[in-house]
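# Architecture and fold: a report
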Amino acid sequence: MMARVTLLYFASLRDAAGAASETLESAAPDLAALYEETRLRHGFVLPLAHLRVAVDGAFAAWTDAVRDGTEVAFIPPVSGG
């Protein structure tokens, strides 16, 4: 089943995607598969283990199902000082 989701990108992911967000249709069964789809499309180099994921503003598990109409944020490690 296809789900329409809005993806939010931050920091290096935003730079690699060339956009802060995009809306797309995906048949990915879970958030990990959704990231893998997106990683391949945009050439992201960060492995899943280095990211956090949030759905509709709350941290989620990579094994959570992709749900239609949600906003998914892929959050890379942030450096600062």
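Here, the structure is the one placed above.
First things first, this report covers the structure right here in the doc. (Residues numbered from 1 in each chain as written. Predicted model: local features only at pLDDT ≥ 70, side-chain atom pairs only at ≥ 80, totals over all residues. Heavy atoms only, no water.)

### Observations concerning the packing of aromatic side chains
Applied cut-off: Aromatic pairs are defined between Phe, Tyr and Trp rings, using the six-membered ring for Trp, whenever the two ring centres lie within 6.5 Å; interplanar angles under 30 degrees are classed as stacked, those over 60 as edge-to-face, and all others as tilted. Per the convention used, a helix needs a DSSP run of H or I reaching at least four residues, while a strand needs a run of E reaching at least two, with both numbered from the N terminus. Any residue under 20% of the maximum accessible area for its type is buried, any over 50% is exposed, and the rest in between are partly exposed; the area is computed with a 1.4 Å probe on protein chains only.
This model, assessed by the stated rule, comprises six aromatic pairs. Ring centres 5.1 Å apart and planes at 75° place the aromatic pair Tyr-35 and Phe-74 in the edge-to-face group. With Tyr-35 in helix 2 (residues 31-42) and Phe-74 in strand 5 (residues 71-75), the pair connects residues that are 39 residues apart, well separated along the chain. Tyr-35 gets classed as buried once you look at its relative accessible area, which sits at 1%. Here a set of aromatic residues connected by ring pairs shows up, and it is made of Tyr-9, Tyr-35, Phe-44, Trp-62 and Phe-74.

### Remarks on the pattern of salt bridges
Let me state the cut-off plainly: Salt bridges are defined by distance alone: a side-chain nitrogen of Lys or Arg within 4 Å of a carboxyl oxygen of Asp or Glu.
Following the criterion strictly, the structure yields three salt bridges and no others. The partner of Glu-25 in a salt bridge is Arg-4, and the shortest N-O contact between them spans 3.4 Å. Taken as a pair, Glu-25 in strand 2 (residues 21-26) and Arg-4 in strand 1 (residues 3-9) lie far apart in primary sequence, 21 residues in all. Judged by relative accessible area, Arg-4 falls into the partly exposed class, the value being 44%.

### Looking at the pairing of strand 5
In regular strands, side chains alternate between the two faces of the sheet. The condition is simple: For two strands to be treated as a pair, DSSP must find no fewer than two bridges joining them.
Pairing between strand 1 and strand 5: four bridges, direction parallel. When the bridges of strand 5 are listed, Leu-8 appears paired with Ala-73. Relative to strand 5, strand 3 (residues 52-55) runs antiparallel, the two being bridged by four bridges. Following the sheet pairing, Ala-54 is matched in strand 5 by Ala-73.

### Considering the nonpolar core
Spelled out, the test is: Only buried residues count toward a nonpolar core. Its members are Ala, Val, Leu, Ile, Met, Phe, Trp, Tyr and Cys residues joined through side-chain atoms within 4.5 Å. Two residues form a contact once any of their heavy atoms are found within 4.5 Å.
With 20 residues, the main nonpolar core has Leu-7, Leu-13, Leu-31, Leu-34, Tyr-35, Val-72 and Phe-74 as its most contacted residues. Elements with a minimum of two residues in this core: strand 1, helix 1 (11-17), helix 2, strand 3 and strand 5. By residue number, the principal contributor to this core is strand 1, which donates four residues. When residues no more than four places from it in sequence are discounted, the contact partners of Leu-13 are Tyr-35, Phe-44, Leu-46, Leu-51, Phe-74 and Pro-76.

### Brief notes about unusual backbone geometry
Of all residues except glycine, most have a negative phi; of all peptide bonds, most are trans. One non-glycine residue, Ala-11, adopts positive backbone phi at about 50°. Residue position: Ala-11 is located in helix 1. Using a relative accessible area of 31% as the deciding quantity, one classes Ala-11 as partly exposed. The phi dihedral of Asp-56 is positive, around 50°, even though this residue is not glycine. Inspection of the secondary structure puts Asp-56 in the loop between strand 3 and strand 4 (58-59). What makes Asp-56 partly exposed here is its relative accessible area of 46%.

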